[in-house]
Amino acid sequence: MKRILTVQDISCLGKCSITIALPVISALGVECVILPTAVLSNHTLFKSFTVKDLTDQIEPICEKWQDEGVEFDAIYTGYLGSIEQIDMMKDLFRKFGGGEDKLIFVDPVMADRGKLYPAFDMAYARKNTELCSCADMIVPNITEACIMTDTEYREEYDEAYIKELLSKVVNLGARISVLTGISLSEGKTGIMGYDKKKDELYVYQNDKIGAMFHGTGDLFSSTAIGEMMHGKDWKDAMRIAADYTAHTIKVTMNDPKKPWYGVNFEETIPALVAME
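This is a predicted model, so every value here is computed, not measured. (Residues numbered from 1 in each chain as written. Predicted model: local features only at pLDDT ≥ 70, side-chain atom pairs only at ≥ 80, totals over all residues. Heavy atoms only, no water.)

Visitor: Explain the overall build of the protein chain to me, please; I cannot follow it from the model alone.
Guide: Summing up its helical and strand segments, the protein chain has 9 helices and 11 strands in all. Here the protein chain has a C-alpha radius of gyration of 18 Å; the compact-globule value for 276 residues is 19 Å, and the two agree. Buried residues in the protein chain amount to 52% of all 276 residues. Counting only contacts in the protein chain whose residues sit at least 6 apart along the sequence, the fraction spanning at least 24 positions is 66%. Carbon together with sulfur atoms contributes 50% to the accessible area of the protein chain, which is approximately 12,700 Å² in total. (Helix = DSSP H or I, 4+ residues; strand = E, 2+ residues; numbered from the N terminus. Rg over C-alpha atoms; globule rule 2.2 N^0.38 Å. Buried < 20%, exposed > 50% of the residue type's maximum accessible area, 1.4 Å probe, protein only. Contact = heavy atoms within 4.5 Å. Areas by Shrake-Rupley, 256 points an atom, 1.4 Å probe, with all protein chains shown as cover.)

Here it is, written out as structure tokens:
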């Protein structure tokens, strides 16, 4: 059985980060080890929340793993709360991520809809760009890609703009770079990715759904890396992740009591397993 280490926060209520990664990756038949960066009562879209920073626990936990000779087939980072935590991830990659047979997967969670999240500034964004350069695979959304490559963000764009943006992201250093949440035609959304080693471009689009929920990026990334560790190549993994995320949004939209704070991924995990 493959083993993934995921490093991100725990929002006790909210259907995001580790509370999505752990069940989704496990359902795909892959062991999921967690390294929490913080514990929140609920995610930050709620009116208020508590947060306990766990930065001081990251190194001691990693030291114990080293003492035990623990190894990982993949390391998957999501939301990181500070520059200090990003620097720690670089060290973690050196300790646990070496070797051709290991995958370092970075989702540079920091921005959306043309803006950085309120907790972050450009110093954080530059540091996150450095982290992406250490990865084998990165999956930024359009806003994150624009910030990391100093590109003008556009609400409306054409395929040429996306291809140019992707070419800049590729130059950050990852072997595989994937832009998420891109729309190349009316009523469609999906991904565009490039494998530098194979000189291979991949585009996948599915029907766009007129709704947005917190945590769908986490759902996409967790599904994608879980599928890759379960034997799928990156293109099939991206396709399945896109379809599963879209399906989960549709199911949530059909729920009369649909939670505003996240998607009903628990209800759709059997459908994900069936996609195998």
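We are not done yet, so read on.
Visitor: Hey, could you run me through the sheet that holds strand 5 (residues 103-106) in this one?
Guide: With mixed pairing, 9 strands are arranged side by side in an open sheet as 3-2-1-4-5-8-9-10-11. Bordering the open sheet on either side are strand 3 (51-53) and strand 11 (200-207), each of which pairs with just one other strand. The pairing of strand 2 (residues 31-42) with strand 3 spans 3 bridges and is classified as antiparallel. Each residue of the ladder has a partner; that of V39, found in strand 3, is K52. On the sheet, helix 3 (residues 83-96) packs against strand 1 (3-13), strand 2, strand 3, strand 4 (74-77) and strand 5 and is oriented at approximately 175° with respect to strand 4. (Pairing = 2+ DSSP bridges. Axes fitted to C-alpha atoms, helices over the stretch in contact; angles between N-to-C directions.)

Visitor: I would appreciate a short explanation of the packing of helix 7 (residues 216-229) against helix 8 (residues 234-253) in the present structure.
Guide: How two helices sit against one another is set out by the angle between their axes and by the gap between those axes. Across the interface, helix 7 lies against helix 8 with an axial gap of 8 Å and an inter-helix angle of 145°. Along this stretch, helix 7 crosses helix 8, giving a crossing that reads as right-handed. Across the interface between the two elements, T216, L219, F220, T223, A224, E227 and M228 from helix 7 touch W234, A237, M238, I240, A241, A242, Y244, T245, T248 and I249 from helix 8. Broken down by class, the residue content of the contact of helix 7 with helix 8 amounts to 12 nonpolar, 4 polar and 1 charged. (Left-handed = near helix turned anticlockwise from the far one by under 90°. Nonpolar A, V, L, I, M, F, W, Y, C, P; charged D, E, K, R; others polar.)

Visitor: Teacher, can you tell me more about the state of the cysteines here?
Guide: Enumeration according to the criterion identifies 0 disulfides in this entry. The closest cysteine sulfur to the non-disulfide-bonded C12 is located on C16, 10 Å from its own sulfur. Of all cysteine sulfurs in the structure, the one in C16 sits closest to C32, which takes part in no disulfide; the separation is 14 Å. Relative accessible area serves as the criterion here: at 12%, C32 is assigned to the buried category. (Disulfide = S-S within 2.5 Å.)

Visitor: Looking at this structure, I do not really get the pairing of strand 2. What am I missing?
Guide: When a strand is regular, its side chains alternate between the sheet's two faces. Pairing geometry for strand 1 and strand 2, over 9 bridges, is parallel. Note that in strand 2 the partner of T6 across the bridge is I34. Traced from strand 1 through helix 1 (residues 18-27) to strand 2, the parallel crossover comes out right-handed. (Right-handed = clockwise from strand over helix to strand, strands pointing away.)

Visitor: Explanation requested: the side chain of N206 in the structure shown.
Guide: Assignment of secondary structure puts N206 in strand 11. In this structure the side chain of N206 is engaged in a polar contact, spanning 3.2 Å, whose partner is the side chain of D243. Not counting residues within four places of it along the chain, the set of residues in contact with N206 comprises G187, K188, T189, A242, D243 and A246. (Polar contact = N/O pair within 3.5 Å; in protein donor to acceptor, adjacent residues only side chain to side chain.)

Visitor: Got a minute to help me understand the side chain of N141 in this structure?
Guide: Inspection of the secondary structure puts N141 in the loop between strand 8 (137-138) and helix 5 (142-149). Look at N141 and you get buried, because its relative accessible area is 14%. In this structure, N141 is in contact with A111, D112 and T180, ignoring residues within four places of it in sequence.

Visitor: How do you make sense of the pairing of strand 9 (residues 176-182) when you look at a structure like this?
Guide: Burial analysis of strand 9 places 6 of its 7 residues in the buried class, the great majority of the element. Where strand 8 lies against strand 9, 2 bridges are found, and the strand directions are parallel. Bridged to I138 within strand 9 is S177. The pairing of strand 9 with strand 10 (residues 188-195) spans 6 bridges and is antiparallel. Within strand 10, the residue paired with L179 across the bridge is M192. Count of turn residues in the strand 9/strand 10 antiparallel hairpin: 5 residues, of which G187 carries a positive phi of about 80°.

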